[in-house]
Structure formats: structure tokens, C-alpha cells
Amino acid sequence: MSVQLGPAPLSGRPSSSLRSSPLSLSPTSASNMLANPPVATALSPNIDSPLSQDITAFTSGVHQQPWKLRAAKKKAAQEALIPPEWRLPHPVASYGDDVREVPSLCGIMDLIELEITDLDDASTLLGRVASGSYTTEAVVVAYCKRAAIAQQLTNCLTEILFAPAVTRAKSLDDHFARTGKVVGPLQGLVVSLKDQFDIKGFDSTMGFVSLINKPATQNCALVEILESLGAIVHCKTNVPQTLMAEESNNNIFGRTVNPRNRNLISGGSSGGEGALVAMKGSMVGFGTDFAGGSIRKPSAYCGLYGLRPTTRRLPYEGVSNVLKGFEGIESVIGPMARSISTLKTVSEAIITAEPWLLDSRVIEKPWTPTLVARKLRVALLPSDGCVHNTPPIQRGLYEVASALKKAGHEVVKWSPFDHVYIQQLFGDIASADGGADLRSFLIESNEPVIPEAFPFVALEPRSVYETSQLIVKRNRFRQDVLKRCMNRPEGPIDLIVCPLTPHPAPPPLGAPRPAELISWTTIWSLADLPACTLPVGQVDPVKDAPRAIIEEPFNEFDLAHWTSYHPSNHVNAPIVLQLIGPRRLGEESLLGMAAEVEKALKNF
């Protein structure tokens, strides 16, 4: 099945030729895409340009396309919320491609603010706030400054809440001054949220022009919990229009780039979070993960630790979304951070706050601290049978396996799954409504679909019966995964290690990412198992130099993907692997095992 590119019609019944899922594997069309990538045509504001030039670009032909004016006004209002004294003194292009050190060099932040935001462990920061070493206001101002810098360098933000965040910080400090106590265990934790999370009085556009100036009327459950614990939300972050793309680009805010190399993508659909957290503009960010790894991919491309928990472990109530009400595959929320310890601190605090009292769908399972007190049996999945991993990913797998063996853990190679079948099943389920829901967001504004979006809007819907049969297949697959992990002669598998993608962070493609490149994330979404990302290195031009493919290519696309690899296309890209817990609702043990793997790597 070929991947259809370009905008889809917004009305009328799609032809039967578009029945197949856009996530189905198509070696020939995907090979052509790699060889001749389409040029991105979606509106991408130039973040190097003065605001007046951006508005001119946005509003050209506005009488024919009114959506452009709505988008331009929204973007202009956003930019006005960055104080003049927090604006970079030089054009963005002058700072180079790797912009991670700009906050420490541009003169906007003082040494204490840099010290605060350079912390990667949330518990350290929280301890200093609780002891009075830092005021909450000082912490919030530091993160707001760094987020403002990150926005100018990577275009990662949507809603800017700097002023209300500072006001809230002052009230928390007043409480501390009166009582000598923090209001909760997360006081001083500055949190960013993907644009989907509803905050009263602010938009959740999800990249759709039709949702501009339609602010939420109440907070989502996560915001209520975070604020009750003392955390402060200071911004919301960019996403791709439709939320169904690996590149975070939309017709309102434009494209988010990777702070490690502005020529690379930051991932999607939580790409704004990936860029912001990597710039240290937030201690922890929350994204969502539906299908292709919308928490895991940005974490992988930006060098972060991200947790995709089991469905309904964390509260989704009040989170705006596409495909709401569809339960064939459910979206989850999860944290993204610069340390495993921060993932644990935040997840534990939220679950300890009993989120099932605010969200009826959350499973009532208290947080159970887990210690890894024995050697692990780790299943290493080196290949998906669709696309060979490029040299940096191969090196990452080899080094992790070697480190685990040296630490005394058992490592077994394992290739039990038919990824081609799984990818087809996943795509068929995910596109069951034929794009009706996505079209509903586009009709009112008549904006074009971004070229990077999977073309779900152009498919034919399946009947309830057809969809129910797909769910039967999904359940059989989940049962098969459980048996294969648990029923082994030598004993159950404790942990699965595999790639997130067969390649490091790539340049923009300007088209839907080929289905062959997302099977490593969709398989675990379909299985609904907890997964987290683990940074293990960085692309090295010598160690990861191109070489001839050793094994027979799986297909034409595999060969094209292998021969197109060169480390110069992935400068500064991190090497990040995926860890999967083989049992649902096992987030505690997964994070504990992830810490063991990281310890083994440090001692390797």
C-alpha cells in the first residue's frame, strides 16, 4: 500500500482505494521517499525573522485564506509575551547549530539561575526549595528565562504562562514564610505540558487553527494534582497538527527544531517538550503517547529519559485529544526528563496523590517502591525484520549488552515477533474511523493538512464489526506477548531492550515518516506495556562510519535506508534505546531496572 502525500479532501467519502492504513509497510514507495524526499510546504514561521516579517509571511493572500490571519494573530500574541530583556541579543543563526550552551553565554541568566536550571535531578532541587536555599520565585524565574531562550532558538512553545507562574511562586513563598513548610512535596518543581493538557483560560489548539481562542474552562486532572503538590506550570509546548506526525510542525506556530542540532527534528508529537527539556527550560515535561512513540521519539531524538506508562496508570481526564472515545489503542500521558530519578520522583508523587479520585478511568494501584535485588534476565531484540539498524544504533545495542553481561546479568537474543503483521494490525486499528475525527478539526478553518501528517484524513472507515475483529486480533497479540515473556524454560523475561528507531535523530523529511521506521514503538503501544527511553551515547563519525551491509537486505526500503545513512546527517544526535517492562502496570520495576542498566553502562 502506498503512502499518500499532500493535503486530503475535507469532505466527501474517500474512495475505496484508500481503505488500507497509512501505517502499512510499503517498501517501494518508502524507498522513493528516501531517495527523493518531498519538500515541506506547511507554513513554518522563520524564527530568525523580526515579528513584522513573520506576520507578512503569514498573511500573504489572507483574503483567500483567512486561516492565515488567525494563525498570525495567535503567533504574534505569543511572541509579545517574551519580555524584551529576555530576548537574545543576536540573530539565532549566529549561535550555530548546537544551541544548548546559549543560555550560559547570552547574558540573560545570572549564575544562580544557571545553577538552578542545570540541575537534572528533581529531588535535589526540591530539597533546596524545602530547606529555603532557593525561593520558589527564584526557581520559577530561572526556568521562565531559560524557556524564553529555548523558544527563540527552537520554536518549542505554544502557550506562555510566565506571568501567572511567577504570581503563583510568590504565593507559595508567602506560605513558606508564614509556616516554614512547603505546601507539598513538589513545591518548586517547574513543569511544562504538551499543548494538549487543558489549563483554565488557555488554548489547547493541538496545532489546529480551528481551536484558536477557545480556551479551556477548567484544568485537566494532572494540572489539579500538580498544583496541589506545589508544582508550577510555566508553559505549554508545540505539537504537529493532527498529533499524527513525527515532525512537530503546524500552521500556527511552525516547526520545532532540535537544540542539539537545529538541522534535525525534535520528534513528535511531543516534540516541543523534547526540545524544551533538552534546553533545560523545564525540569520535567509531560507528553502523550498514542501510537508511534510520541513521548519516546522526542526523548530519543533529544537525548532524554521518557516514560510511556501502561494505559490508565496516570490521569488523562481533561486532556484534549484527537480520536477521543476510541479505545482500540489508547493514548497515555507520561513524563520526560533528564534523569531516571526525576521520572521516578514525579510519577510516584502523582500516583501517591490518588489520581483515581479525579479520573474514573485511572486504575487504583498505589505506587509500590521496587528494588532490583537480583541479576536480571534481559531479552535483547536486535532486529525487527523490516529495516537493519544503522551503525550508531547497532553500537548502542552492543555496548548495553556487553555492559549488562559484565555486570553479571543474563542477556538473551530474542526475535519472537512478526513486526510486519504487527505494524499492519496497528495501522488498521488506528485508522478505523477513516479520518472522520481529524477532518472535524479541519473543516471549520479550511487550513491545509501539513505534509508530515499520516494521511488518516483520506481513508475509508471500518464498520463496528470489522473494528471489533481487529480488537480480537489485538487481544490475541497481547496474550501471545505475555506467554512469550513469562513461559520460558530458563524463567520469565525481566526486561526487554530494543531500539526506538533504526536510525538516530534525522533531518526533516517533509512527509509522513515511512511505516518501516516506526515499528519499534508501535509494537509496545499495541501490547500496552510500560516503556522508557535510555540515552546511551552519541553518534561518533569514526565509530559509526558508513559500511557495507553485512546481511541480506530485508527489502528495497531496507537497502535504501542503509545506503542513505551517513553520520554527517546526524551530527550531535544522541543514541537512545528503549526498555520495556514485560508486565502491565509495572512502571516502578521498569524504572528500577532502567537505573540498573544505566549503572552497568557507567561501570562498563
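Here we summarise the structure given alongside this text. (Residues numbered from 1 in each chain as written. Predicted model: local features only at pLDDT ≥ 70, side-chain atom pairs only at ≥ 80, totals over all residues. Heavy atoms only, no water.)

### Some thoughts on the packing of aromatic side chains
At step 1: If you walk through the whole model with that rule in mind, you get six aromatic pairs.
At step 2: Taking the centre distance of 5.7 Å and the plane angle of 70 degrees together, the rings of Trp414 and Phe417 count as edge-to-face. This pair shows no difference in class: Trp414 is buried, exactly as Phe417 is.
At step 3: With a centroid separation of 6.0 Å and 85 degrees between ring planes, the pair formed by Phe417 and Trp524 is classed as edge-to-face. Residue Phe417 is located in the loop between strand S12 (410–413) and helix H14 (419–430), and its partner Trp524 is located in helix H17 (residues 519–527); the two are separated by 107 residues in the primary sequence. (Phe/Tyr/Trp six-rings, centres within 6.5 Å; stacked < 30°, edge-to-face > 60°. Buried < 20%, exposed > 50% of the residue type's maximum accessible area, 1.4 Å probe, protein only. Helix = DSSP H or I, 4+ residues; strand = E, 2+ residues; numbered from the N terminus.)

### Observations regarding the pairing of strand S9 (residues 305–308)
Looking along a regular strand, one sees side chains alternate from face to face of the sheet.
At step 1: Alternating positions in S9 separate into two faces, Tyr305 and Leu307 on one and Gly306 and Arg308 on the other, with burial throughout.
At step 2: Pairing of S9 with strand S14 (residues 531–538), which is carried by two bridges, proceeds in the antiparallel orientation. Within the sheet, the bridge partner assigned to Arg308 lies in S14 and is Ala531. (Pairing = 2+ DSSP bridges.)

### Thoughts on the pairing of S14
At step 1: The pairing of S14 with strand S15 (residues 574–580) spans seven bridges and is classified as antiparallel. When the bridges of S15 are listed, Gly537 appears paired with Ile575.

### Regarding the nonpolar core
At step 1: With 112 residues, the main nonpolar core has Leu189 and Leu193 as its most contacted residues.
At step 2: It is helix H7 (residues 136–154) that provides the largest number of residues to this core, a total of 11 residues.
At step 3: If near-sequence neighbours (up to four positions away) are discounted, Leu189 is found in contact with Ala122, Leu126, Ala231, Ile232, Met283, Val284 and Val346.
At step 4: Judged by nonpolar contacts, the second largest core, of 48 residues, contains Ile329, Phe417, Leu442 and Ile580. (Core = buried A, V, L, I, M, F, W, Y, C linked by side-chain atoms within 4.5 Å. Contact = heavy atoms within 4.5 Å.)

### Things to note about unusual backbone geometry
At step 1: Backbone torsion omega between Gly268 and Ser269 reads 10 degrees, so that peptide bond is classified as cis.
At step 2: Mapped onto the elements, Ser269 comes out in the loop between strand S7 (261–265) and helix H10 (271–278).
At step 3: Residues other than glycine seldom take positive phi values, yet Met206 does so here, at roughly 55 degrees.
At step 4: Mapped onto the elements of the fold, Met206 is located in the loop between strand S2 (190–194) and helix H9 (221–228).

### Some remarks on the side chain of Thr154
At step 1: Assignment of secondary structure puts Thr154 in helix H7.
At step 2: Exposure remark for Thr154: the relative accessible area of 0% places this residue in the buried category.

### Observations concerning the pattern of salt bridges
At step 1: By the definition in use, this model includes 33 salt bridges.
At step 2: Lys74 is the salt-bridge partner of Glu159, the closest N and O atoms lying 2.8 Å from each other. Within this pair, whereas Glu159 is found in strand S1 (residues 157–160), its partner Lys74 is found in helix H3 (residues 66–79), the two being separated by 85 residues in sequence.
At step 3: On the basis of relative accessible area, Lys74 is assigned to the buried category, the value being 13%. (Salt bridge = Lys/Arg side-chain N within 4 Å of Asp/Glu carboxyl O.)

### Considerations on the side chain of Thr242
At step 1: Within the secondary structure, Thr242 is located in the loop between strand S3 (232–237) and strand S4 (249–250).
At step 2: When its relative accessible area of 1% is taken as the criterion, Thr242 is described as buried.
At step 3: In this structure Thr242 touches Met206, Phe208, Val322, Leu438 and Ala453, once residues within four positions along its chain are discounted.

### Let's talk about the sheet that holds S14
In a beta sheet, neighbouring strands are held together by backbone hydrogen bonds and run either parallel or antiparallel to one another.
At step 1: Taken together, the 11 strands give an open sheet; going across it, the order is S1-S3-S2-S8-S10-S9-S14-S15-S13-S11-S12, and neighbouring strands pair in mixed fashion. Strand pairing shows two members of the sheet lacking a second neighbour, S1 and S12, which therefore form its edges. In this sheet, adjacent strand axes meet at a mean angle of 30 degrees when their direction is disregarded.
At step 2: Running at roughly 10 degrees to S3, H7 makes contact with S1, S2 and S3 of the sheet.
At step 3: Contacts between H10 and the sheet are confined to S1, S2, S3, strand S8 (284–289) and strand S10 (332–337), with S2 contributing the most and set at about 155 degrees to the helix. (Axes fitted to C-alpha atoms, helices over the stretch in contact; angles between N-to-C directions.)

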